[in-house]
Each structure stands twice: as structure tokens, then as C-alpha cells.
Amino acid sequence: MTDDNGPRAWVCLSFDFDAMSSWIFRDMDSPTPLSRGEYGARVGVPRVLETLDRFEAKATFFVPGHSADTWPALVAEMARRGHELGNHGYMHEVPNTLDADTERAVIRRGSDAIERAAGVRPRGFRSPSWDLSPNSLDILRDQGFVYDSSLMGDDFSLYRCRAGDVAHKDRAYTFGQETDLIEMPVHWILDDAPYFQYSYQTRTGLTPASQVLEIWQDEFDFMYDRVPGGVFTLTMHPQIIGRGHRILMLERLLRHMRARAGVRFATQLEVAEWWLQQQPRH
Ligand SMILES: [Zn+2]
């Protein structure tokens, strides 16, 4: 145990810097979708970095290896400003579509690319599309990751990932053993993409930012009042949140959080390491 009992509320701002990789992985590699990814690098990331500086908040950027190889100076700049870099695959591969050897290779390739660009090796992982394979958690432990941030088994509290769970079709679920890998849970509610990622096919994704602010602010207020010491993990994408009215909404949210006592902004790795120190040894 440390002397630090922790703040009333943690806030982890996270940004998935998918750039072009998520479009290429989905075979949407014609010029217009690619330009949506490029926008994230040219406009989104600089705007996000400026907002983070303005609020003196350190954040976590989950960076596919392809983004690090394509925009190495930008990724180095994220690290230079004190933000954490996390692994997000190489070409935004959805883990549950990969065999174990391929998954192991793309995660390693992603870490190698980030290390080449910024000189740091990621300790946290976020699954593209939040769809882990049955092998993912073992691979992350083998490759020395401290935490995963892809599961939804809690909202504002960290927990240990288990190994060896079995889902039977004809009887009760079998829970495996807890491991040293920490889960920092996420949810679509606290993600900008479902609200704002416009799809021409479904005509969805142009939600007014004021509605999203209301949801995010109420989630935060609930946590602040009823889950002391909770961790508010918000997932955003520079190519989505980088539009002007959405940046203004994000800044309104940050002002709202900053106005409450005992709110600490931190990288996900800082919170994961703090949480580990608080846990009694097994
Ligand atoms: Zn992503």
C-alpha cells in the first residue's frame, strides 16, 4: 500500500489514433475514406494535443503500428508531451478474426512500430473494435502488457482478467483464475464513434454534440457521487472528435470535471499501476 489513497475521481482520456489503418483493414481504401483517416493526423491530433495542453491533462493514445509507421513524428510528439502510447494492433486487425500466431505477430509488430517512432514500448492494449479473441489475454500476458482496455465487465472499477473461462451451452458458466493482467473497462456509451462516425450507408453518426455531452456528463456525475475512487475512461478518435463543435463539447466536459474537487486526470498506465499497488498480494 502507498500513502496515496487516490483521488475522489480518476479521469482517463484516451484517443485511438486509427488514421488510415481502420479504413484499409475494412477494404475501404479509396481516396475519400482514406482522407477521413488522414484528417485525423493532419487536423485531429494537433487539435486534441492543444486541448490536452490547455487543460494540463495527460492522456493515452492507442496507436496502430501502421499509424506509427506512417506518422512517426506525430506519434513521437504525443510521447514528448507526456502522453502514454498504447498498442492497437498493426493494421487495426480485429483480434477475433485472427488465428493465434497471426494475432501474436500483429501485436508484436504494433509494439515494434511504436518503439521505432517514439522510443517507448507500450504497456497497455486496446483491441480494435473491442472484440478480443479467446487467445488475446494470454498473448498480452506473454508480451508483458500491464493492462487491457477492451472489455465491459464493469464500468468505473478496474478488475483482473481471468484465464480459462469456459462458456458451456448446457450448464453454468465456468470462471477461470484471475491473472496479473488488469482490465480497464470501456463501453460504447463512452466512445465517440457510435454517436459521431458518419456512415453514408446507414445515414447514422451525426448526433448533436449537446446530446453526447449530456450522456457523458451524467455518467461522470453518477460516478463522482456514487462510486468514490472510480475511473472514468473515455474513448475518442482524433478523426472523429477533431471537428470544431465536438472539440468545444469536449472542452465543456473537461471544464465540468475540473470544477469538481478531487478529480485527477491521468494516463491509463498511471492508474493501472496505482491500482496494482493498492491490491493485497496474493
Ligand atoms: Zn481503433
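All values reported here derive from a predicted model rather than from experimental measurement.

Here is what the cut-offs are and how they apply
Residues numbered from 1 in each chain as written. Predicted model: local features only at pLDDT ≥ 70, side-chain atom pairs only at ≥ 80, totals over all residues. Heavy atoms only, no water. Core = buried A, V, L, I, M, F, W, Y, C linked by side-chain atoms within 4.5 Å. Buried < 20%, exposed > 50% of the residue type's maximum accessible area, 1.4 Å probe, protein only. Helix = DSSP H or I, 4+ residues; strand = E, 2+ residues; numbered from the N terminus. Contact = heavy atoms within 4.5 Å. Donors = N, O, S within 2.8 Å, 3.2 Å for Na, K, Ca; no water. Tetrahedral: all angles 85-135°; square planar, octahedral: opposite > 155°, others 65-115°. Expected span 1.5 Å × (residues − 1). Arc of directions from axis to C-beta. Salt bridge = Lys/Arg side-chain N within 4 Å of Asp/Glu carboxyl O.

Some points on the nonpolar core
Across soluble globular proteins, you tend to see nonpolar side chains buried next to one another.
Line of reasoning, step 1. Ranked by size, the top nonpolar core spans 63 residues in total, and within it L13, F15 and W216 carry the most contacts.
Line of reasoning, step 2. With seven residues, helix α8 (residues 209-226) is the single largest residue contributor to this core.
Line of reasoning, step 3. Once residues lying within four places of it in the same chain are set aside, the contact partners of L13 are L52, A57, A59, T60, L234, M236, L254, F265 and A266.
Line of reasoning, step 4. Grouped together as the second largest cluster of nonpolar side chains are 15 residues, I182, L269, V271 and W274 included.

Some details on the coordination of the zinc ion
Line of reasoning, step 1. The protein atoms that coordinate the zinc ion are D18 (OD), D18 (OD), H88 (NE2) and H92 (NE2), at distances of 2.1 to 2.5 Å.
Line of reasoning, step 2. Coordination at the zinc ion is irregular, judged from the four donor atoms that bind it and the angles of 53 to 137° they form at the metal.
Line of reasoning, step 3. If you list the donors of the zinc ion from N- to C-terminus, the spacing comes out as D-x69-H-x3-H. Of the two residues, D18 is situated in the loop between β1 (9-16) and α1 (21-25) and H88 in the loop between β3 (84-87) and α5 (100-118); the sequence distance between them amounts to 70 residues. Like H88, D18 is buried.

A few points about α8
Line of reasoning, step 1. Taking 1.5 Å per residue as the helical rise, α8 with its 18 residues ought to reach 26 Å, and the 26 Å between its terminal C-alpha atoms agrees with that figure.
Line of reasoning, step 2. If you check which residues of α8 are buried, you get A209, V212, L213, W216, F220, D221, M223 and Y224. For α8, the arc enclosing every buried residue in end-on projection is 160°, short of the 170-degree limit, so these residues lie on one face. Facing away from the buried surface of α8 by more than 90 degrees, the exposed residues are E214 and R226.

Side note on the pattern of salt bridges
Line of reasoning, step 1. By the definition in use, this model includes 17 salt bridges.
Line of reasoning, step 2. One salt bridge in this structure joins D16 and R126, with 2.9 Å as the shortest N-O distance. Of this pair, D16 sits in strand β1 while R126 sits in the loop between β4 (124-125) and α6 (136-142); the two residues are 110 residues apart in sequence, bridging distant segments of the chain.
Line of reasoning, step 3. Taking relative accessible area as the criterion, D16 reaches 4% and is therefore assigned buried.
Line of reasoning, step 4. In this structure, R260 and D225 form a salt bridge, with 3.2 Å as the shortest nitrogen-oxygen distance. Of this pair, R260 sits in the loop between α10 (244-258) and β9 (263-265) while D225 sits in helix α8, and the two are 35 residues apart along the sequence.
Line of reasoning, step 5. Judged by its relative accessible area of 25%, R260 falls in the partly exposed class.
Line of reasoning, step 6. Overall, the relative accessible area of 45% leaves D225 in the partly exposed class.

Without other data, these values stay purely geometric and don't point to any function.
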